[in-house]
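# Observations on the three-dimensional arrangement
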Amino acid sequence: MALSPFLIDVEQRVLDDLHTRLDRTRWVQDLGDGGWSYGASIPYMKELVTYWRDRFDWRAQETALNRFANFRATLKDGIGIHFIHERGRGPNPLPIVLTHGFPDSVARFAKIIPMLTDPARYGADPGDSFDVIAPSLPGYVFSDRPHSDGSVLRVGDRWHELMTQLGYHRYVAYGGDWGSTITELLARDHGKYVVAIHLTDVPFFHSFQKPDDPSHAERKYLDSISTFQQREGAYAFVQGSQPQVAGVGLNDSPAGLATWIVEKFRRWSDCDGDVERRFTKDELLTNVMLYWVTETISSSFLPYYDVTQAGALTWIGQKLKEWKGTTTVPAAFALFPKDLSSPPREWAERFFNVQRWTEMTSGGHFAALEEPESLVRDIREFFRGFRSAGAR
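The notes below deal with the structure included here. These numbers were taken from a predicted model, which means no experiment stands behind them.

## Notes on unusual backbone geometry
A cis amide bond links phenylalanine 102 with the next residue in sequence, proline 103, at an omega value of 5°. Along the chain, proline 103 turns up in the loop between β4 (94-99) and α4 (112-117). For aspartate 272, which is not glycine, the phi dihedral falls at a positive 55°. Following the sequence through the fold, aspartate 272 ends up in the loop between α10 (254-267) and α11 (281-294). You can call aspartate 272 exposed: its relative accessible area is 60%. We note that glutamate 295 has phi near 55°; this positive angle belongs to a residue other than glycine. Mapped onto the elements, glutamate 295 comes out in the loop between α11 and α12 (297-300). The exposure class assigned to glutamate 295 is exposed, which follows from its relative accessible area of 55%.

## Some words on the pattern of salt bridges
This model, assessed by the stated rule, comprises 30 salt bridges. The residue aspartate 131 makes a salt bridge to arginine 87 at a minimum N-O spacing of 3.8 Å. Taken as a pair, aspartate 131 in strand β5 (residues 130-135) and arginine 87 in the loop between β3 (80-86) and β4 lie far apart in primary sequence, 44 residues in all. For aspartate 131, a relative accessible area of 5% puts it in the buried group. For arginine 87, a relative accessible area of 43% gives the class partly exposed. The salt bridge involving lysine 111 is made with glutamate 283; its shortest N-O contact spans 3.3 Å. Taken as a pair, lysine 111 in the loop between β4 and α4 and glutamate 283 in helix α11 lie far apart in primary sequence, 172 residues in all. For lysine 111, a relative accessible area of 28% gives the class partly exposed. One salt-bridge network, held together by shared partners, links Asp270, Arg278, Lys338, Glu370 and Glu371.

## So, the nonpolar core
Within the largest apolar cluster, 89 residues are counted, with the highest numbers of intra-cluster contacts made by Trp52, Trp58, Ile197 and Phe333. Ranked by residue count, the leading element in this core is α11, at 8 residues. Setting aside chain neighbours within four positions, we find phenylalanine 333 in contact with Leu199, Asp201, Val202, Ala348, Phe352, Val354, Arg356, Trp357, Thr358 and Asp378.

## Observations regarding α11
Along an α-helix, a turn takes 3.6 residues, which lines up residues three or four apart on a common side. Here α11 spans 20 Å end to end across 14 residues, near enough to the 20 Å set by a 1.5 Å rise per residue. Counting buried residues along α11, 12 of its 14 residues qualify, which places the element largely inside the surrounding structure. Contact partners of the buried residues in α11: α1 (12-23), α2 (42-54), α3 (58-66), α9 (243-252), α10 and α12. The first or second residue beyond α11 is glutamate 295, which carries a positive phi of 55°.

## Quick look at the environment of arginine 384
Mapped onto the secondary structure, arginine 384 falls in the segment after α17 (372-383). Separated by 377 residues in sequence, arginine 384 and leucine 7 have C-alpha atoms that sit 33 Å apart. Side-chain polar atoms of arginine 384 contact the side chain of aspartate 128, separated by 2.7 Å.

Definitions and limits used
Residues numbered from 1 in each chain as written. Predicted model: local features only at pLDDT ≥ 70, side-chain atom pairs only at ≥ 80, totals over all residues. Heavy atoms only, no water. Helix = DSSP H or I, 4+ residues; strand = E, 2+ residues; numbered from the N terminus. Buried < 20%, exposed > 50% of the residue type's maximum accessible area, 1.4 Å probe, protein only. Salt bridge = Lys/Arg side-chain N within 4 Å of Asp/Glu carboxyl O. Core = buried A, V, L, I, M, F, W, Y, C linked by side-chain atoms within 4.5 Å. Contact = heavy atoms within 4.5 Å. Expected span 1.5 Å × (residues − 1). Polar contact = N/O pair within 3.5 Å; in protein donor to acceptor, adjacent residues only side chain to side chain.

Here it is in structure tokens:
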């Protein structure tokens with residue numbers, strides 16, 4: 001595996017072009033009263049774009065991201081992966097791989113990485129420190145686009161290759177959104193190496209195969225998934241069936257890209273309709289910028305395309321892997337009330353060896369940004385019992 005340090009350094013011409021595009025934004029007519037009922041608040045997006053053009057300091061955000069140890073690795077199949085690798089400050093750091101989802105990036109973990117690597121700095125036990133590895137998904141920001149379709153189902157293999165090449169042969173894993181799917185597959189296919197996993201949701205694809213004997217709570221949950229698909233799932237259908245149709249426009253218009261992404265941060269977070277109750281303008285725009293400067297919004301849709309377009313043979317192959325793989329890897333779940341769905345424990349127990357189940361009192365889909373202290377506390381407490389098994 002070829003490995004090299006990586007510095008985030010966007011060319012000035014890219015920033016100059018962005019400023020010109022922001023200055024020439026052609027806004028649509030507001031169809032409502034300025035609110036979000038039609039999907040986006042035009043007055044708010046105008047305010048955000050004005051801030052982006054006149055006050056947002058990308059270089060400051062770039063410097064902040066570069067304070068982490070960034071690397072690029074070329075894996076054996078030739079794909080280049082960007083990742084953060086921060087060493088723990090404690091007597092015996094436990095290696096953990098963190099996996100993000102959509103529509104975010106490794107910037108999702110900016111608040112929790114220091115808490116995980118240096119717990120003593122935050123008043124916690126230094127014995128709970130972690131070596132943190134946080135890769136960018138293939139096709140996202142600074143990682144290469146996958147070479148073929150169906151790649152999301154193989155990301156777990158790539159993460160395992162990365163971890164072992166870094167010298168970690170026993171490790172733990174955490175994920176949310178696509179990260180939960182990838183973490184599940186990582187544990188399933190590499191259970192001899194993955195000591196335990198921590199998730200913030202039950203991977204969505206399990207709802208595709210409804211059981212014959214659902215409990216009342218499971219039936220209610222599955223009904224809520226169907227309702228979500230009907231009312232709010234249009235983005236996933238577009239990204240999964242026609243990724244380049246939306247991708248062309250979003251890659252060309254920074255205002256359009258910001259609207260597509262920020263709407264989801266508002267709708268999927270515990271913000272009571274006010275997105276800035278949970279995220280600052282700088283946090284929102286830093287995440288948007290990572291897609292903009294790398295021109296990866298279209299390729300970030302590929303996991304949706306992979307799952308939507310997967311045929312019967314693909315799912316049969318995944319089922320065979322499930323039968324051959326392990327379901328014994330200990331799993332913990334931290335459920336945040338304003339996430340996209342609220343599965344009952346018995347649903348998770350159909351697919352996982354659930355050993356910890358925490359229902360949080362606040363927070364949403366972006367837990368690492370919304371409720372970093374609560375999430376990190378749950379991660380520390382769960383993995384504390386597996387530290388002796390997680391040596392290199």
